[in-house]
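If you want the building blocks of each chain, they are given just below.
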Amino acid sequence: MKTANKFTFMRILAAPVFFVLYFIPKWFNIQKSLLLTVLSLILLPLLAFAEFTDFLDGYSARKHGEVSDFGKMFDPFADVFLHLSTFTCFVFSGYMPALLYVLILYREFSQNFLRMVAAKNGTAIAARKGGKLKTVSYVVACFVSLIQECLSRTGAAEYMGLDMGLFRNVGIAFYAVCVALAYISFIDYLRHFGSILKESV
């Protein structure tokens, strides 16, 4: 496996690890304790590392000349795999409205279908600028929600007297931006690759 694809694969592996670590306190009813704090603090660097591999795989592919059609499809797949995993955590915790999650889910499945049709016709759809901006918004929204959860779990929010209600509304606003950018970028993909879909139909 090429180095770039190894970094991408790390992102896929990190998704279920994050999911399990996030829900362990809920599954085993772990209340405020040192274990809960440790588990919470592990989540931040884990997510940061997973997101950083997105930079590493692209950097490695360009530096070592490993850009390939497989990589063009594997990278966005890993992004979606990670982000839908983290979004699922935040939906269950109440940080992300279910409606916005479903809208993003529909968009990502539609985008994946477009990539499959294009690949069948010999075209690998690489990430466009709009898609990359959408991904950045996903990353920001994930960290906003994760920081809220960590502050709540560790008791730091109560200790610092933070208005978590306001914090939660800010997070929802970020998710709304995510949805907007997701559909704007999808329309951009349809404008550039929709002809492939029409020919297949």
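Residues numbered from 1 in each chain as written. Predicted model: local features only at pLDDT ≥ 70, side-chain atom pairs only at ≥ 80, totals over all residues. Heavy atoms only, no water.

**Quick notes on the environment of Phe7**
In step 1: Topologically, Phe7 is positioned in helix α1 (residues 3–27).
In step 2: Using a relative accessible area of 22% as the deciding quantity, one classes Phe7 as partly exposed.
In step 3: Separated by 138 residues in the primary sequence, Phe7 and Ser145 place their C-alpha atoms 25 Å from one another.
In step 4: Those residues in contact with Phe7, other than ones at most four positions away along the chain, are Thr53, Leu56, Asp57 and Ser60. (Helix = DSSP H or I, 4+ residues; strand = E, 2+ residues; numbered from the N terminus. Buried < 20%, exposed > 50% of the residue type's maximum accessible area, 1.4 Å probe, protein only. Contact = heavy atoms within 4.5 Å.)

**Here's the deal with the nonpolar core**
In step 1: Membership of the largest hydrophobic core comes to 33 residues, with the highest contact counts inside it found for Phe18, Tyr22, Phe87, Phe90, Met96, Ile104 and Leu146.
In step 2: Those elements giving two or more residues to this core turn out to be α1, α2 (34–63), α3 (69–92), α4 (98–120), α5 (129–154) and α7 (164–200).
In step 3: With 7 residues, the top contributor of residues to this core is α1.
In step 4: Non-local contacts of Ile104, meaning those with residues more than four positions away in its chain, are made with Leu84, Phe87, Met96, Tyr138, Cys178 and Val179.
In step 5: The next biggest cluster of nonpolar side chains, apart from the first, holds 8 residues, and it includes Leu114, Ala118, Phe193 and Ile196. (Core = buried A, V, L, I, M, F, W, Y, C linked by side-chain atoms within 4.5 Å.)

**Quick look at α5**
In step 1: Compared with the 38 Å implied by 1.5 Å per residue over 26 residues, the 37 Å span of α5 between its first and last C-alpha is a close match.
In step 2: Directly beyond the C-terminal end of α5, a positive phi value near 85° is found at Gly155. (Expected span 1.5 Å × (residues − 1).)

**Notes on the packing of aromatic side chains**
In step 1: The full count for this structure, using the stated rule, is 15 aromatic pairs.
In step 2: Their ring planes at 40° and their centres at 5.8 Å tell us that Phe77 and Phe81 sit as a pair that is tilted. Of the two residues, Phe77 and Phe81 are both situated in helix α3; the distance of 4 residues between them amounts to about one turn of the helix.
In step 3: For Phe77, a relative accessible area of 42% gives the class partly exposed.
In step 4: A connected cluster of aromatic rings, assembled from ring pairs, spans Phe18, Phe19, Tyr22, Phe23, Trp27, Phe90, Phe92 and Tyr95.
In step 5: Cation over ring: Arg115 sits above Tyr189, and NZ or CZ is 5.6 Å from the ring centre. (Phe/Tyr/Trp six-rings, centres within 6.5 Å; stacked < 30°, edge-to-face > 60°. Lys NZ or Arg CZ within 6 Å of the ring centre and 35° of its normal.)

**With respect to the pattern of salt bridges**
Opposite charge on two side chains permits pairing when their charged atoms draw close.
In step 1: Applying the stated criterion to the full structure yields 10 salt bridges.
In step 2: Between Asp57 and Arg11 there is a salt bridge, with the nearest N and O atoms lying 3.0 Å from each other. Of the two residues, Asp57 sits in helix α2 while Arg11 sits in helix α1, which places them 46 residues apart along the sequence.
In step 3: Classification of Arg11 as buried rests on a relative accessible area of 0%.
In step 4: When salt bridges with common partners are traced through the structure, they connect Arg11, Asp54, Asp57, Asp75 and Asp79 into a single cluster. (Salt bridge = Lys/Arg side-chain N within 4 Å of Asp/Glu carboxyl O.)

**Focus: a nonpolar patch on the surface**
In step 1: Nonpolar side chains collect at one region of the surface, where Leu133, Val136, Val140, Leu166, Val170 and Phe174 lie side by side and expose about 480 Å² of accessible area between them.
In step 2: As for its position among the elements, Leu133 is in helix α5. (Patch = residues over 30% accessible without salt bridge, like charges linked within 9 Å, V, L, I, M, F, W, Y side chains within 5 Å. Areas by Shrake-Rupley, 256 points an atom, 1.4 Å probe, with all protein chains shown as cover.)

**Details of the environment of Val67**
In step 1: Tracing the backbone shows Val67 in the loop between α2 and α3.
In step 2: Note: C-alpha distance between Val67 and Asp57 (10 residues apart in sequence) is 9.7 Å.
In step 3: Here Val67 is in contact with Ala61, Arg62 and Lys72, once residues within four sequence places are set aside.

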